[in-house]
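# Report on the structure
The primary structure of each chain is shown beneath.
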Amino acid sequence: MRLRPIAVLALLFVLGVQSGEAQSPRSSSSRSSDQAAAMFQRMDRDRNGVIDKAEAPAKLKAMFSDWDHDSDGKISKAEFESNFAKSRGQGKASRTGEYVAPAARGERQVEVLKRGDRAPDFTLPRIGGEGTVTLSDLYRDKPVVLVFGSISCSPFRQRVQQVEQLYEEHKDNANFLMVYIREAHPDSKIQVKTAEGDEVLQTFIQTDNLALRQKHAATCERTLSLSFPMVMDGVDNRVNTAYAGWPIRLVVIGRDGRVLDPGAPGPQGFTPNKVATWLKTLD
């Protein structure tokens, strides 16, 4: 997860970085990198090249697991600089008029699935079509790549295009299914395509009812030109809870109904390249 802007400013304050300096005209990618390097050096008190929880200030402790990409209990300089750059970009958008709102609170689920576990079965309604899709019906035929996400997540909008490419390349050997879940960044304003083909700015609030979730999911499918089937989680969010899919996630399930790769929560854990390596073994 990317850090909210207010938390970034708080972290800067804790480390003694002047807010005026952070907002100066020279605030570019190179300056951000310099700031990150300086902050990392201050926190790495024992100078061993990593930050552990004992060294981390309170603000960093609160998000330590999100910044520790490889879950080794330490934050490397590369991990710190990567997360710092992403957090500084929070609230910015790639198109005029767009706005990336802070991530929703209290949505992350407890990790329960492991490699080899039986994948929780589900039956969910299709988006843009009649009827439902049952997971166990899919893996009887081929392995399944489950895609969890929502349109308000900007990393998802970018990386799902790689998943679309994987679908086109491997759809004969694997089934793909997207599960539309609760919004990652509710209240974000995003440029989307209407049913008539026009481009408009739309604000995406949290989907607390099925009608709104279906509307958001249909807009996502249309705007991102996704070809693989899409369903939506219920208002009880049961499937998202079972797979810890929020904010975005990729899960691979074998023909025996067991988890081949549980993936990891995004955005860092959403890695189409890793899935691509696995899919190549089916060719």
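Here's a quick rundown of the structure. (Residues numbered from 1 in each chain as written. Predicted model: local features only at pLDDT ≥ 70, side-chain atom pairs only at ≥ 80, totals over all residues. Heavy atoms only, no water.)

### Looking at the overall build of the chain
Stated precisely, the cut-off is as follows: Strands are runs of DSSP state E lasting at least two residues, helices are runs of H or I lasting at least four, and both sets are numbered from the N terminus onward. The buried label goes to any residue with under 20% of its type's maximum accessible area, the exposed label to any with over 50%, and the partly exposed label to all in between, with areas taken from a 1.4 Å probe on protein chains only. Contacts are assigned to residue pairs that have any heavy atoms within 4.5 Å of one another. Shrake-Rupley sampling with a 1.4 Å probe provides the accessible areas, and residues are treated as covered by the protein chains on show and by no other component.
A tally of regular secondary structure across the chain gives 11 helices and 11 strands. Among the 283 residues that make up the chain, the fraction classed as buried is 50%. Expressed as a percentage of contacts within the chain between residues at least 6 apart in sequence, the contacts between residues at least 24 apart total 67%. Carbon and sulfur atoms make up 50% of the accessible area of the chain, which amounts to about 13,500 Å² in all.

### Focus: the packing of aromatic side chains
Our working definition: When two rings of Phe, Tyr or Trp (its six-membered ring) have centres within 6.5 Å they constitute a pair, described as stacked for plane angles under 30 degrees, edge-to-face for angles over 60, and tilted for the intermediate range.
Applying the stated criterion across every chain, the model contains 7 aromatic pairs. Ring centres of F176 and F228 lie 6.2 Å apart, and the angle between their planes is 40°; on these two criteria the pair is classed as tilted. Of this pair, F176 sits in strand 6 (residues 175–180) while F228 sits in the loop between helix 9 (210–224) and strand 9 (230–232); the two residues are 52 residues apart in sequence, bridging distant segments of the chain. Relative accessible area serves as the criterion here: at 3%, F176 is assigned to the buried category. Through a chain of ring-to-ring contacts, three or more aromatic side chains come together here, namely F122, F148 and Y243.

### Considering the side chain of D44
Filter applied, for reference: Positive charges come from Lys and Arg alone, negative charges from Asp and Glu alone, with His and the N- and C-terminal ends not counted. Salt-bridge detection follows one rule: a side-chain nitrogen of Lys or Arg within 4 Å of a carboxyl oxygen of Asp or Glu. Under the rule applied, a polar contact is a pair of N or O atoms within 3.5 Å (in protein, one hydrogen donor and one hydrogen acceptor; residues adjacent in sequence only if both atoms are side-chain atoms).
Of note, D44 is situated in the loop between helix 3 (29–43) and strand 1 (50–52). Here D44 is buried and forms no salt bridge, its nearest opposite-charge partner R47 lying at an N-O distance of 5.3 Å. A polar contact is formed between the side chain of D44 and the backbone nitrogen of N48, at a distance of 3.3 Å. If we skip the residues at most four places from it in the chain, D44 touches G49, V50, I51 and E55.

### Thoughts on the nonpolar core
Short version of the rule: Definition of nonpolar core: a set of buried residues of the types Ala, Val, Leu, Ile, Met, Phe, Trp, Tyr and Cys, connected through side-chain atoms within 4.5 Å.
Ranked by size, the top nonpolar core spans 55 residues in total, and within it L146, F156 and Y243 carry the most contacts. Core analysis: the second largest hydrophobic core is formed by 12 residues, A36, F40, I51 and F64 among them.

### Re the pattern of salt bridges
Throughout the structure, instances matching the rule amount to 7 salt bridges. Here R182 and D208 are joined by a salt bridge, their closest N and O atoms 2.6 Å apart. Remark: D208 occurs in the loop between strand 8 (199–204) and helix 9 and R182 occurs in the loop between strand 6 and strand 7 (188–193); sequence separation between them is 26 residues. According to the relative accessible area criterion, D208 is exposed, its value standing at 55%. The salt bridge involving D261 is made with K274; its shortest N-O contact spans 3.5 Å. Note that D261 is positioned in strand 11 (residues 259–261) and K274 in helix 11 (residues 272–280), a separation of 13 residues in sequence. Under the relative-accessibility criterion, K274 is labelled partly exposed at 46%.

### Quick look at the pairing of strand 5 (residues 144–149)
Put simply, the rule reads: In this scheme, strands are said to pair when DSSP sees at least two bridges between them. Look down the strands so they point away from you; if the path from the first strand over the helix to the second goes clockwise, the crossover is right-handed.
With 6 of its 6 residues buried, strand 5 lies for the most part within the structure. Bridge analysis of strand 5 against strand 6 gives 6 bridges, and the strand direction is parallel. Bridged to G149 within strand 6 is Y180. For the handedness criterion, the β-α-β arrangement of strand 5, helix 8 (residues 154–170) and strand 6 is classed as right-handed.

### Description of helix 9
How we decide: Working rule for helices: expected span equals 1.5 Å times residues minus one. For this quantity, the arc is that covered by the directions from the helix axis to the C-beta atoms.
Between the first and last C-alpha of helix 9 there are 21 Å, a value that for 15 residues agrees with the 21 Å anticipated at 1.5 Å per step. Along helix 9, the residues classified as buried are L212, R213, H216, A217, T219, C220, T223 and L224. All buried residues of helix 9 project into a common sector of 160° when viewed along the axis, lining one side. Residues of helix 9 that are exposed and angled more than 90 degrees away from the buried face: A211 and K215. Lining the buried residues of helix 9 we find helix 8, strand 6, strand 7, strand 8 and strand 9. In this structure N209 caps helix 9, since a side-chain oxygen of it lies 3.2 Å from the backbone nitrogen of A211. Looking one or two places after helix 9, you find S225, whose phi comes out positive at around 55°.

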